Amino acid sequence: EVEEEAIISRFQNYLRINTAHPNPNYNEAAQFIAAEANSLSLDTQTLEFLKGKPLVLLKWAGRDPSLPSILLNSHTDVVPAETHKWNHPPFDAHLHPSSGHIYARGSQDMKCVGIQYLEAIRKLQASGFRPLRTVYLSFVPDEEIGGHDGAEMFADSDVFRKMNVGIVLDEGLASPNEDYRVFYGERSPWWLVIKATGAPGHGAKLYDNTAMENLIKSVESVRRFRASQFDLVKAGLKAEGEVISVNMVFLKAGTPSPTGFVMNLQPSEAQAGFDIRVPPTADEASLERRIAEEWAPATRNMTFEFKQRVSVNDKFGKPVVTAIDSSNPWWALLEEAIKSAKGKLGKPEIFPASTDARYFRGRGLPAIGFSPMANTPILLHDHNEFLNKDEYLRGIGIYESIIKAYASYEEPRKDEASRAEL
Ligand SMILES: CSCC[C@H](NC=O)C(=O)O
Ligand SMILES: [Zn+2]
Ligand SMILES: [Zn+2]
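Per an unreviewed UniProt entry, the protein chain goes by the name N-acyl-aliphatic-L-amino acid amidohydrolase and belongs to Penstemon smallii. UniProt's Subcellular location (unreviewed entry) comment on the protein chain is quoted here verbatim: "Cytoplasm".

Engineer: Quick rundown of the nonpolar core? Include the residues and the values.
Structural biologist: The tendency in soluble globular proteins is for nonpolar side chains to be buried side by side. The biggest cluster of nonpolar side chains holds 60 residues, and the ones touching the most others in it are Y392, I402 and Y406. Residue contributions to this core peak at nine residues, all from helix α10 (residues 389-407). In contact with Y406, other than residues within four places in its own chain, are I70, R133, I167, L169, W330, L333, L334 and I368. Membership of the second largest hydrophobic core comes to 23 residues, among which are L215, A282, M302 and V312.

Engineer: So what's going on with the coordination of the zinc ion (ligand 2)? Which residues, and what values?
Structural biologist: Summarising the metal site, the zinc ion (ligand 2) is bound by the protein donors H75 (NE2), D109 (OD), E171 (OE) and E171 (OE), whose distances to it range over 1.9 to 2.6 Å. Because the angles between the four donor atoms bound to the zinc ion (ligand 2) fall within 55 to 152 degrees, the donor set is best described as irregular. Read in sequence order, the donor residues for the zinc ion (ligand 2) give the motif H-x33-D-x61-E. The metal-metal distance between the zinc ion (ligand 2) and the zinc ion (ligand 3) comes to 3.4 Å, with D109 coordinating both. Residue D109 is found in the loop between β5 (101-103) and α3 (111-126), and its partner E171 is found in the loop between β7 (165-170) and β8 (179-180); the two are separated by 62 residues along the sequence.

Engineer: Just give me the short version of the packing of aromatic side chains, but keep the residues and values in it.
Structural biologist: Taken as a whole and judged by the stated rule, the model has 16 aromatic pairs. Judged by centre distance (5.0 Å) and plane angle (75 degrees), the ring pair of F183 and F351 falls under edge-to-face. Placement of F183 in strand β9 (residues 183-186) and of F351 in strand β19 (residues 349-351) is noted, with a sequence separation of 168 residues between them. As far as the burial class goes, F183 and F351 line up, both buried. Here the aromatic residues Y117, Y180, F370 and Y399 are joined through ring pairs into a cluster of three or more. Over the ring of F306 we find R309, and its NZ or CZ is 5.6 Å from the ring centre.

Engineer: Outline the coordination of the zinc ion (ligand 3), listing residues and values.
Structural biologist: Within the protein, D109 (OD), E144 (OE), E144 (OE) and H381 (NE2) serve as the donor atoms for the zinc ion (ligand 3), at 2.0 to 2.5 Å. For the zinc ion (ligand 3), the four donor atoms in the first shell make angles of 57 to 148 degrees at the metal, a pattern classed as irregular. Read in sequence order, the donor residues coordinating the zinc ion (ligand 3) give the pattern D-x34-E-x236-H.

Engineer: Lay out helix α7 (residues 284-295) in plain terms, naming residues and giving numbers.
Structural biologist: Listing the buried residues of α7 in full gives E284, L287, I291 and W295. Down the axis, α7 shows its buried residues gathered within 65 degrees of arc, on one side only. Buried residues along α7 sit against β10 (188-197), α6 (211-234), β12 (245-253), β16 (269-278) and β17 (302-309). Where α7 starts, the residue carrying a side-chain oxygen 3.2 Å from the main-chain nitrogen of A285 turns out to be D283.

Engineer: Now, about the side chain of N73: what can you tell me, with residues and values included?
Structural biologist: Here N73 shows up in strand β3 (residues 69-75). Residues contacting N73, with those up to four places away along its chain left out, are M110, Y117, S138, V140, V168, L169, D170, D356 and F360.

Engineer: So what's going on with the sheet that holds β5? Which residues, and what values?
Structural biologist: In space, the three strands of this open sheet follow the order β4-β5-β21, with antiparallel pairing throughout. Here the strands that pair on one side only, and so sit at the sheet edges, are β4 (94-95) and β21 (386-388). Sheet topology note: the β5/β21 ladder contains three bridges and is antiparallel. By the bridge assignment for β21, I102 is matched with L387. Where α10 meets the sheet, it contacts β4, β5 and β21, and its direction lies at approximately 70 degrees from that of β21.

The rules we used
- Residues numbered from 1 in each chain as written.
- Chains lettered and ligands numbered in written order.
- Predicted model: local features only at pLDDT ≥ 70, side-chain atom pairs only at ≥ 80, totals over all residues.
- Heavy atoms only, no water.
- UniProt positions renumbered as here; feature names shortened; annotations may be inferred.
- Core = buried A, V, L, I, M, F, W, Y, C linked by side-chain atoms within 4.5 Å.
- Buried < 20%, exposed > 50% of the residue type's maximum accessible area, 1.4 Å probe, protein only.
- Helix = DSSP H or I, 4+ residues; strand = E, 2+ residues; numbered from the N terminus.
- Contact = heavy atoms within 4.5 Å.
- Donors = N, O, S within 2.8 Å, 3.2 Å for Na, K, Ca; no water.
- Tetrahedral: all angles 85-135°; square planar, octahedral: opposite > 155°, others 65-115°.
- Phe/Tyr/Trp six-rings, centres within 6.5 Å; stacked < 30°, edge-to-face > 60°.
- Lys NZ or Arg CZ within 6 Å of the ring centre and 35° of its normal.
- Arc of directions from axis to C-beta.
- Polar contact = N/O pair within 3.5 Å; in protein donor to acceptor, adjacent residues only side chain to side chain.
- Pairing = 2+ DSSP bridges.
- Axes fitted to C-alpha atoms, helices over the stretch in contact; angles between N-to-C directions.

Quick look at the structure:
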């Protein structure tokens, strides 16, 4: 009881640090994590790939440092919250007395996971467990804005190379039912801006080739494609992460006036922005053709530009996904560890958005996205994001089991491995 209260208040304390963009308080978060690490006697190193953006790297040394290590990754930043639209302030970490829900920005995405890793280590230490493999924990900045000064620099660094990482765990998503969700890949973000130009003229005149008409034809075409993809999901033929999603995120056109916009002038330029997410197995060339020929054809006075275009393939042209078959022992270990902690796992999925896991997968490392939140509505980036305290506590037990299994994993000896193949 008393111990549970202490665990919950540590979670609340982390949630109360306002690490929302655009001004995340990274230093306070780094100090908090370093203090927790100190109480667990973990080695602490603070890396600053960019001044003011600390990445805290913790190390629980294994008995055999020559074996590939385990990396438990989490990001310390959160997305902003519209405070007045929340029932409880997003950085109060209010614990609702009857429901047990803890309301806070970051309660699902993903401060829960970062500190659950630490609590699991605390329990393992108390039980006398000593890891065979070294366990690292990285608390990285900037995931929500692309991770370029965080996980991307880290994965590229000498420090990372020397860590000899064998497997990475990173974030997943809450599950509304009793099965935990697990992710072996993610869609690639393509952020597209299309621009139309056309003949300007009087607002009362009907004529061809206006910028607005040219843009609207594209928007209609995008909308049809969007519906075709969404229909596959609605019909249950494809999972969310297996289709190409495209959502219009801005529209920009018109001639501003002191009272709004000039109403009797047809503008000569108009543009629209789209957040597109491309599954690892998608045909990138055909999507690109669609954009150039249907969504932004030069024949309709249109141009396009990518604000971001992450390839679905690695440098060898292969889709960037983590194997979930017998070629990846970490996958079976995860399944077993969750099962032995009385958790149920759903079918492995492609993460619909982007996470830092892509930087680790991009280096050829297996990375699995997993956040132990079952029976929980998916509220990341939403108002009133919460996690129930019992679900949080249960997640710690799940990580205890996973970390124990991973940190004690001995690779089968070469001769055994080849015998198994025969
Ligand atoms: C492309 S970098 C942006 C990363 C962000 N991650 C979580 O929401 C996302 O929009 O998926
Ligand atoms: Zn996240
Ligand atoms: Zn997020």
